[in-house]
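# Analysis of the macromolecular model
Below, each chain spelled out in residue letters.
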Amino acid sequence: MTVQELIDKEVFKVIQVGGNLEQCISEPFCCDLLSIAMSKAPADSAWVTVMGNINTLAVAKLADVACIILAEGAELDQNGREKAKTQKITVLSTDKPIFEAALTVYQLLHD
């Protein structure tokens, strides 16, 4: 499933559409500790987190994740929105808990 296909499912709210809509999503990845995400987030994953700030975007770019999904109603701050736009990073959001958001991605990948 590509980032665009995930967006088309309309299960997550779109905060920022990035420039990587054809990037395939390999798996969900859950982590709120940026240092761990930096070293362990798989490339092409859909990273589910509650950390909605500029540092999250830097880690996402470094790890080459397919998209960020902000869970539990977390929001991307204004600096983050600007950075996501300039870095062309896709950011989605949901009110679901982290596990449920990741499970949704997992189920979509395996249906």
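Residues numbered from 1 in each chain as written. Predicted model: local features only at pLDDT ≥ 70, side-chain atom pairs only at ≥ 80, totals over all residues. Heavy atoms only, no water.

### Points about the overall build of the protein
Counting its secondary structure elements, the protein contains five helices and five strands. Its helices and strands taken in sequence order, the protein reads α-β-β-α-β-α-β-α-β-α from the N to the C terminus. In terms of C-alpha radius of gyration, the protein reaches 12 Å, essentially the compact-globule figure of 13 Å for 111 residues. Across its three principal directions, the C-alpha atoms of the protein cover 35 × 25 × 25 Å. Taken across its 111 residues, the protein has 45% of its residues classed as buried. Contacts in the protein between residues far apart in sequence, at least 24 positions, make up 47% of those at least 6 positions apart. Surface summary for the protein: the accessible area is close to 5800 Å², and the carbon and sulfur share equals 50%. Here the protein contributes 9 positive and 15 negative side-chain charges, whose respective centroids are spaced 7 Å apart. (Helix = DSSP H or I, 4+ residues; strand = E, 2+ residues; numbered from the N terminus. Rg over C-alpha atoms; globule rule 2.2 N^0.38 Å. Buried < 20%, exposed > 50% of the residue type's maximum accessible area, 1.4 Å probe, protein only. Contact = heavy atoms within 4.5 Å. Areas by Shrake-Rupley, 256 points an atom, 1.4 Å probe, with all protein chains shown as cover. Lys, Arg positive; Asp, Glu negative; His and termini not counted. Charge placed at Lys NZ, Arg CZ, Asp CG, Glu CD.)

### Notes on the environment of A102
Looking at the secondary structure, you find A102 in helix α5 (residues 98-110). For A102, a relative accessible area of 7% translates into the label buried. A102 sits 50 residues away from G52 along the chain, and the two C-alpha atoms are 16 Å apart.

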